[in-house]
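Spelled out from the first residue to the last, the chains are:
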Amino acid sequence: MRILRFFIIRIFLKRWILVLGMIILLFLANYLAFTTARSVISTFQGYQEIETLNQEGTFISNLDPNSKADFAKIKIDDTQKVYEYLNDNYTYALQANGFVTSLHNKHKMDVIFNYINEEAYKINQFRLSQGNHLNFNYKFNKEKIPVLVGAGLAKTYPVGSNIEITDPVTQQLVNLKVQGVLKKNSHRSNFYAPNSKTYFNFSIFLPVNEGFIQSAGRDLHVNGLMDIALLDSTKEKAMNVKEHIQENLGLEFNFFNQQENFNYFENYYVNSLKIICTITFILLITIVCLAIWNTLVSIRLMIKDFTINLLVGLSYSKLRAIFYSYFGILFSIILAILFVITAFNRYGFWLSKDSTFATYGIFGLISMDWMALLIVLFIDFIIGFTIVELTIRKIKSIPISVGVLQ
């Protein structure tokens, strides 16, 4: 311990400004590597989740960004015509998220109502921690509506409990019966940006059937069209839907298959990754060079003390162990800071009552965070190994007789 303290104070920290600069660069490199790794993991998960839609005959809608939409002029009768046309001629998956309502719960979070039809429910394949899956064969306004609740609502509204509330899209008082509870951190990845996720810990899923669609308001109708997926269709039939929507609602929609959505995403995502990876690589190379140069300069300044330590029993193997201990401590501090920042960011969603991104995890971190930290740890190990071995090789080339003569 004494010899480690000697090396840290008298050699490694001899030029503390350079050490501080190296620590800052190391943190930046770790942070970029962590962010990139987590993004890649999230993207990979998104690709796996959305792959069920990446098949022939499936076309997903999105509002053309150049479309001049005047939603105020859209009438409920016109949206009803669109859905009647869809129900008569197409099989489609509809999921409309993000209808916020105030509903008592122990975490005092806003609760998000999500509406989903049977085809979309089959595609999502939600996993439950309790209860049973949704039933779509109920009669609206005549029977209780079976719903799923997110994990964050499970204690307040367990399986079998009833919820009376004014539904955000029908503006009618409805009686909901909790049918099941979603597993923690159940989510949906974005069709157009698979690295982006919406979490459902504080959501209620309502099953949508034709009776519900007929009773729903304009908001659900229009929102549902934004990401509607036509199943077992053709490009020609998708264009017919596009024309029908434009004629009745004055909205211009695009219909692309999921592979086209992936291609669009990859065009800008891959380029961004290349830039970030290049910057990270440059930072890591700079860190290696700076660490080796700083250590060697410090040793040359303390050559007499260093030589005496070698003469009284300090072997190169012990020196290597000291170097690994020092850089191990350094990397551990950086990773601890990275961990704290990530945990605080996750906890920040709870503090701000952001239902969409509030997640459960070990010490606040979810699985992708831990995997990204492990990747950064591996990168740090490679960097530490490179620095120590190159430094030891350089030190061995320094003649200790110089230190003795001094």
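Please read these numbers as outputs of a predicted model, since none were measured by experiment. (Residues numbered from 1 in each chain as written. Predicted model: local features only at pLDDT ≥ 70, side-chain atom pairs only at ≥ 80, totals over all residues. Heavy atoms only, no water.)

**Overview of the pairing of strand 8 (residues 173–182)**
Put simply, the rule is: The pairing criterion is simple: DSSP has to find at least two bridges between the two strands. We count a stretch as a helix when DSSP gives it H or I for four or more residues in a row; a strand needs E for two or more, and each element gets its number in order from the N terminus.
Summarising the sheet, strand 5 (residues 128–131) and strand 8 pair through three bridges and their orientation is antiparallel. Paired with Gln 130 across the bridge in strand 8 is Val 181. Pairing of strand 6 (residues 145–149) with strand 8 involves five bridges; the strand directions are parallel. Bridged to Pro 146 within strand 8 is Lys 177. Note: strand 7 (residues 162–166) against strand 8, five bridges, orientation antiparallel. Bridge pairing links Glu 164 to Asn 175 in strand 8. The hairpin turn running from strand 7 into strand 8, its antiparallel successor, is six residues long, and Gln 171 in that turn takes a positive phi close to 55 degrees.

**Some points on unusual backbone geometry**
Positive phi values are uncommon outside glycine, yet Asn 141 reaches one of about 75 degrees. Relative to the assigned elements, Asn 141 resides in the loop between strand 5 and strand 6. Phi at Asp 232 is positive, roughly 50 degrees, even though this residue is not glycine. With respect to the secondary-structure elements, Asp 232 resides in the loop between strand 12 (229–231) and helix 7 (235–249).

**Considering the sheet that holds strand 1 (residues 59–63)**
Quick note on the threshold: In this description, a line fitted to the C-alpha atoms serves as the axis of each element, helices being fitted only across the stretch in contact, and the angle between N-to-C directions of two axes falls anywhere from 0 to 180 degrees.
Sheet architecture is open: four strands sit in the order 2-12-1-13, paired in antiparallel fashion. Looking at the sheet topology across the chains shown, the edges are occupied by strand 2 (91–93) and strand 13 (253–256). Here the strands of the sheet are splayed against their neighbours by 30 degrees on average, with no regard to which way each runs. As paired strands, strand 1 and strand 13 are joined by four bridges and run antiparallel to one another. When the bridges of strand 13 are listed, Ile 60 appears paired with Phe 256.

**Brief notes about the environment of Leu 103**
Under the convention used in this document: Whether two residues are in contact is decided by their heavy atoms: any pair within 4.5 Å suffices.
Following the sequence through the fold, Leu 103 ends up in the loop between strand 3 (95–101) and strand 4 (111–117). Here the alpha-carbon distance between Leu 103 and Ile 163, two residues 60 residues apart in the chain, equals 9.3 Å. Beyond its immediate stretch of four places on either side in the chain, Leu 103 contacts Met 109, Val 111, Tyr 157, Ile 163, Ile 165 and Ile 204.

**Thoughts on the confidence of the model for the protein chain**
What counts, and what does not: pLDDT measures how confident the predictor is about each residue, on a scale from 0 to 100.
Counting all residues, the mean pLDDT for the protein chain is 86, and 88% of those residues have values of 70 or more. Averaged pLDDT values for the elements of the protein chain fall to 44 in helix 12 (residues 400–405) and rise to 96 in strand 6. Confidence drops under a pLDDT of 50 for residues 401–406, and excluding neighbours within four residues, the segment shows seven contacts in the predicted structure.

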